[in-house]
Amino acid sequence: MGRTALLTAAAIIILGVALVMFLRPTPYFPVARVAAPEGVALSFLQDQTATEADCQAANQRVTATMLANCKECSLAEARCVDDAPKELGQTAAGPQDMIAAKGLKILITAPPVAAHALCRSLAAGIATNDATAKCLQAAD
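In every chain, residue numbers begin from 1 and rise along the written sequence. Totals for whole chains, interfaces and linings use all residues, but because this is a predicted model, local features are given only for residues with pLDDT of at least 70 and pairs of side-chain atoms are given and counted only at 80 or more. The basis for every side-chain value is the complete set of non-hydrogen atoms in the structure, without hydrogens or water.

What counts as a helix is a DSSP run of H or I of at least four residues, what counts as a strand is a run of E of at least two, and both are numbered from the N terminus. A tally of helices and strands in the protein yields three helices and six strands. Counting helices and strands in the order they occur from the N terminus, the protein gives α-β-β-α-β-β-β-α-β. Relative to its full complement of 140 residues, the protein shows a buried share of 31%. Long-range pairs, those at least 24 residues apart, make up 59% of the contacts in the protein between residues at least 6 apart in sequence. By element, 62% of the accessible surface of the protein is carried by carbon and sulfur atoms, the whole surface being about 8800 Å². Only protein chains enter the area calculation, which uses a 1.4 Å probe; residues under 20% of their type maximum are buried, those over 50% are exposed, and those in between are partly exposed. Note on contacts: a residue pair qualifies if any of its non-hydrogen atoms lie within 4.5 Å across the two residues. Reported accessibility uses the Shrake-Rupley method at a 1.4 Å probe radius. Residues are deemed covered only where the shown protein chains occlude them.

The next thing to look at is the pattern of salt bridges. What makes a salt bridge here is a side-chain nitrogen of Lys or Arg within 4 Å of a carboxyl oxygen of Asp or Glu, nothing more. Per the counting criterion, the structure on display carries two salt bridges. For the salt bridge of Arg33 with Glu77, the shortest nitrogen-to-oxygen distance reads 3.6 Å. Here the residue Arg33 occupies a position in strand S1 (residues 29–35), and Glu77 occupies one in strand S3 (residues 74–81), the gap between them amounting to 44 residues. Judged by relative accessible area, Arg33 falls into the partly exposed class, the value being 31%.

Time to look at the state of the cysteines. Here, disulfide denotes a covalent bond that connects the sulfur atoms of two cysteines. Any pair of cysteine sulfurs within 2.5 Å is marked as a disulfide. In this structure the tally under the stated criterion is three disulfides. Disulfide partner of Cys55: Cys80, at an S-S distance of 2.1 Å. Measuring the twist about the S-S bond at about -115°, one finds the Cys55-Cys80 disulfide to be left-handed. A residue pair is termed long-range when its members are at least 10 positions apart, and Cys55 in helix H2 (residues 52–69) and Cys80 in strand S3 qualify at 25 residues.

Positionally, Asp47 belongs in the loop between strand S2 (41–46) and H2. When the C-alpha positions of Asp47 and Pro30 are compared, they lie 7.2 Å apart, and in sequence the two are 17 residues distant. When neighbours within four sequence positions are excluded, Asp47 is seen to be in contact with Tyr28, Phe29, Pro30, Leu88 and Gly103.

Moving on, we come to helix H3 (residues 112–127). What a helix is expected to span follows from its residue count: subtract one and scale by 1.5 Å. Between its first and last C-alpha, H3 extends 22 Å over 16 residues, near the 22 Å set by a 1.5 Å rise per residue. In the core, the buried residues of H3 are packed alongside strand S4 (98–101), strand S5 (104–109) and strand S6 (134–136).

Among the structural elements, Asp97 can be located in the loop between S3 and S4. Two residue types count as positive, namely Lys and Arg, and two as negative, namely Asp and Glu; His and chain ends fall outside the count. For the buried Asp97, no salt bridge is present, and the opposite-charge side chain at shortest range is Arg120, 6.3 Å distant. Here the side chain of Asp97 touches His116 through a polar contact of 2.6 Å, side chain to side chain. Those residues within four positions of Asp97 in sequence are excluded, and the remaining contacts are Ile106, Leu107, Ile108, Ala115, His116, Cys119, Leu136, Gln137 and Ala138. Pairing of N or O atoms within 3.5 Å defines a polar contact, subject to two protein rules: one partner must be a possible hydrogen donor and the other a possible acceptor, and residues neighboring in sequence count only if both atoms are side-chain atoms.

The next point concerns the sheet that holds S2. Overall, antiparallel pairing links the six strands, which are arranged S3-S1-S2-S5-S4-S6 in an open sheet. Because the sheet does not close on itself, it has two edges, and the strands there are S3 and S6. Ignoring which end each strand starts from, the neighbouring axes of this sheet average 20° apart. Any two strands with at least two DSSP-identified bridges between them are counted as paired. Pairing between S1 and S2: five bridges, direction antiparallel. The residue of S2 that forms the bridge with Ala35 is Ala41. Interaxial angle, 0 to 180 degrees, is taken between N-to-C directions of lines fitted to C-alpha atoms, where a helix line uses only the stretch in contact. Here H3 sits on the sheet in contact with S2, S4, S5 and S6, set at roughly 15° to S4.

Time to look at the nonpolar core. By convention a nonpolar core is built from buried Ala, Val, Leu, Ile, Met, Phe, Trp, Tyr and Cys residues, the set being connected through side-chain atoms within 4.5 Å. Among the nonpolar cores identified, the biggest contains 17 residues, and Leu42, Phe44, Met66, Cys73, Ile99, Ile106 and Ile108 are the most heavily contacted of them. Among the elements of the structure, S1, S2, H2, S5 and H3 are those that each provide at least two residues to this core. Residues contacting Ile99, with those up to four places away along its chain left out, are Leu104, Lys105, Ile106, Ile108, Cys119, Leu122, Ala123, Ile126 and Lys134.

As structure tokens, then:
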């Protein structure tokens, strides 16, 4: 009887651990990239969403807004990844200009002078709706 109880307890523990591993929610991080004229690219990284549908909707909102304001721009990619992009946690300037706002980072790939100007301009526009928005310029 003691051995059966021990085996039953072990099986319940193993089953519980397996259920937690398989049933835990998968994070979805919206990542989108918009290509602009003259080799400029904007990468949009957003905070985690609960479902893939929420992730896709978040990508749609941010890219639709950008594409509506830039007729020459095109969507290069929009996807939902399960690992947080490392840049999402950045609080200081990295190798490229970045706009940091509540729940959103925008990485700017462009020649330095153009990147700096675009960074300041976009951050100012976003700041009208989000006072935390700021431009973090890369070191030249």
